[in-house]
Amino acid sequence: MTRLVQRSLPSPLGPLRLVASDAALVGVYFPEHRPAPAHAGDEVVRHPVLDVAARELDEYFAGRRRGFTVATEPRGTAFQRAVWRALADIGFGEQRTYAELARAIGSPRAVRAVGAANGRNPLSIVLPCHRVVGTGGALTGYAGGLAAKQWLLAHEGALAVTRGEGDAPYGGLLRHAST
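Figured I'd write up the structure that's included with this text. Bear in mind that the values here come from a model prediction, so they are computed numbers and not experimental data.

### Considerations on the sheet that holds strand β1 (residues 5-9)
Strand pairing in a sheet is mediated by backbone hydrogen bonds. Such pairs are either parallel or antiparallel.
Okay, step 1: Read from one edge of the open sheet, four strands run β3-β2-β1-β4, paired in mixed fashion. The outermost strands of the open sheet, each flanked by one partner alone, are β3 (25-29) and β4 (42-43).
Okay, step 2: Where β1 lies against β4, two bridges are found, and the strand directions are parallel. Residue pairing in the sheet places Q6 in a bridge with E43 of β4.

Put into structure tokens, the structure is as follows:
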């Protein structure tokens, strides 16, 4: 069995749990991630893969990065890995529907299975499952919660949002703009 290590990374969406093997990033998890990940290994302060992932995520949140170069190794079935590879082709600020993703992997009738695989993506943000939306652009489930999905899409300029009076810049549920 491969040894895994983990560390916490502060983010505008709350602390993210980064998990890696010696060779690659295997997980990026939100505090209230659904489904909850299993125990991921020993807590470390420094690790070559986690250091790269943390730097790239910090740059992404600061608006200085649009894609990731950290080595990844998502663990799942062959079908899940095909879906997750297709996620990497969705560019910063772009969106795809589950049906479009199903067609992209050559399984146009597997829309629900694609949705289930998307929901099991262990590399949130890095493999951008937040960029997948329902028909007509509807925001559907997200492992980190819909508020996190809205924030990520707004951060990338793919979703117009407004804040209510008194809302913290990233706090609370963002609301769709009326225009």
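### Regarding the pairing of β3
Okay, step 1: Most of β3 is tucked away, with five of its five residues classed as buried.
Okay, step 2: In this sheet, β3 lies alongside strand β2 (residues 16-20) in antiparallel orientation, the contact comprising four bridges. Residue pairing across strands places A20 opposite L25, the latter belonging to β3.
Okay, step 3: Here β2 hands over to β3 after four residues, the two strands then running antiparallel side by side.

### Comments concerning helix α5 (residues 146-155)
Okay, step 1: Within α5, the full set of buried residues consists of A148, K149, Q150, W151, L152 and L153.
Okay, step 2: In the segment just after α5, G157 is the residue with positive phi, at about 75°.

### Let's talk about the environment of H130
Okay, step 1: For H130, the location among the structural elements is in the loop between α4 (111-119) and β6 (132-133).
Okay, step 2: Taking C-alpha positions, H130 is 9.3 Å from G144, a pair spaced 14 residues apart along the chain.
Okay, step 3: A polar contact is formed between the side chain of H130 and the side chain of E156, at a distance of 2.8 Å.

### A closer look at the layout of surface pockets
Picture a little ball the size of a water molecule; that probe, rolled over the atoms, points out where space is still empty.
Okay, step 1: Looking at the second largest pocket, its volume works out to about 160 Å³.
Okay, step 2: Around the second largest pocket, the lining comprises 14 residues; the ones closest to its centre are G67, F68, A88, V126 and P128.
Okay, step 3: For the lining of the second largest pocket, a count of residues per class yields nine nonpolar, three polar and two charged.

### Side note on the packing of aromatic side chains
Okay, step 1: For the coordinates displayed, the defined rule picks out five aromatic pairs.
Okay, step 2: With a centroid separation of 5.7 Å and 45° between ring planes, the pair formed by Y60 and F68 is classed as tilted.
Okay, step 3: An aromatic cluster is defined as three or more aromatic residues linked by ring pairs; in this entry it consists of Y60, F61, F68, F92 and W151.

Reading the values: the criteria
Residues numbered from 1 in each chain as written. Predicted model: local features only at pLDDT ≥ 70, side-chain atom pairs only at ≥ 80, totals over all residues. Heavy atoms only, no water. Pairing = 2+ DSSP bridges. Helix = DSSP H or I, 4+ residues; strand = E, 2+ residues; numbered from the N terminus. Buried < 20%, exposed > 50% of the residue type's maximum accessible area, 1.4 Å probe, protein only. Polar contact = N/O pair within 3.5 Å; in protein donor to acceptor, adjacent residues only side chain to side chain. 1 Å grid on protein atoms, 1.4 Å probe; cavity = no way out; pocket = protein on both sides within 12 Å on 5 of 7 lines; lining within 4 Å. Points joined across faces, edges and corners; volume = space filled by probe spheres on them. Nonpolar A, V, L, I, M, F, W, Y, C, P; charged D, E, K, R; others polar. Phe/Tyr/Trp six-rings, centres within 6.5 Å; stacked < 30°, edge-to-face > 60°.

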